[in-house]
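Each chain is listed here by its residues.
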Amino acid sequence: TRIKTQEFNNCKSLTQINLPSKLKEIWAYAFWNCKSLTRINIPASVTDIREGLFFGCDNLVKVTVDENNKKYDSRNNCNAIIETATNTLIRGGAATVIPSEITAIASTAFGGCNTLKKITLPSGLKSIGRHAFLGCDQITAITIPEGVTYIGFGAFMDCSKLVSLKIPDGVTELNGRTFDGCIALKSITLS
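Described below are features of the structure shown in this document. (Residues numbered from 1 in each chain as written. Predicted model: local features only at pLDDT ≥ 70, side-chain atom pairs only at ≥ 80, totals over all residues. Heavy atoms only, no water.)

### Remarks on the overall build of the protein
Counting its secondary structure elements, the protein contains zero helices and 15 strands. Here the C-alpha radius of gyration of the protein, 16 Å, is about what a compact globule of 191 residues would show, namely 16 Å. Seen through its principal axes, the protein has C-alpha atoms that stretch 50 × 35 × 25 Å. Every one of the 191 residues in the protein was classed for burial, and the buried ones make up 48%. A fraction of 24% describes how many contacts in the protein between residues 6 or more apart in sequence connect residues 24 or more apart. When the accessible surface of the protein is totalled, it reaches about 8,900 Å², and 49% of it is carbon and sulfur. Taken together, the 21 basic and 16 acidic charged side chains of the protein have centroids lying 4 Å from each other. (Helix = DSSP H or I, 4+ residues; strand = E, 2+ residues; numbered from the N terminus. Rg over C-alpha atoms; globule rule 2.2 N^0.38 Å. Buried < 20%, exposed > 50% of the residue type's maximum accessible area, 1.4 Å probe, protein only. Contact = heavy atoms within 4.5 Å. Areas by Shrake-Rupley, 256 points an atom, 1.4 Å probe, with all protein chains shown as cover. Lys, Arg positive; Asp, Glu negative; His and termini not counted. Charge placed at Lys NZ, Arg CZ, Asp CG, Glu CD.)

Pasting the structure below:
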């Protein structure tokens, strides 16, 4: 009934997986570094998805959640996993289009996504979690919406091509190592 932490760690030739219909839990970093994984469907039975689910799965282009799942969804074919009740994006990838009603990006939501080049954050976004964009080393620019008040520890760590960033006026908490490893960063605008 569960996939344990790092269960499929470094399965580099795994391209897709059919998860069992009775699966309840997917633990942290379950598919870590599955570089060839291109698609996955989360069954209706899943009620617990932990952080870093697809960390380092660079080629994941199709993420869906069964429409009968009561806790998670992938509304509007967004190619992401969203916690329905809180409108929190818990895992996305290079092909993700973040829905406008998303208010939070969870810890490691895009972590290790080396093929993510551009992402549009919705105007209603309030928080960006710990390591949310860790290692997204193809992003050159990102616009943080004015409504964001919280940016978690290491949120943009190792985004090595990120050149500039503006921190909006509403940010009241900017945690440590936010830009650690951002070697191309030339300017940060703070309110």
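### Describing unusual backbone geometry
We note that Gln6 has phi near 55°; this positive angle belongs to a residue other than glycine. Non-glycine residue Asn10 carries a positive phi angle of around 60°. Within the secondary structure layout, Asn10 lies in the loop between β1 (2-3) and β2 (16-18). A relative accessible area of 37% places Asn10 in the partly exposed class.

### Concerning the sheet that holds strand β3 (residues 25-26)
Judged by pairing direction, the sheet is parallel, and its three strands sit side by side in the order β1-β3-β5 without closing on themselves. With one partner strand each, in any of the chains shown, β1 and β5 (48-49) form the two edges of the open sheet. Taken together, the two bridges between β3 and β5 define a ladder with parallel strand orientation. Within β5, the position partnered with Glu25 by the bridge is Asp48. (Pairing = 2+ DSSP bridges.)

As far as function goes, none of this settles anything; it's purely spatial.
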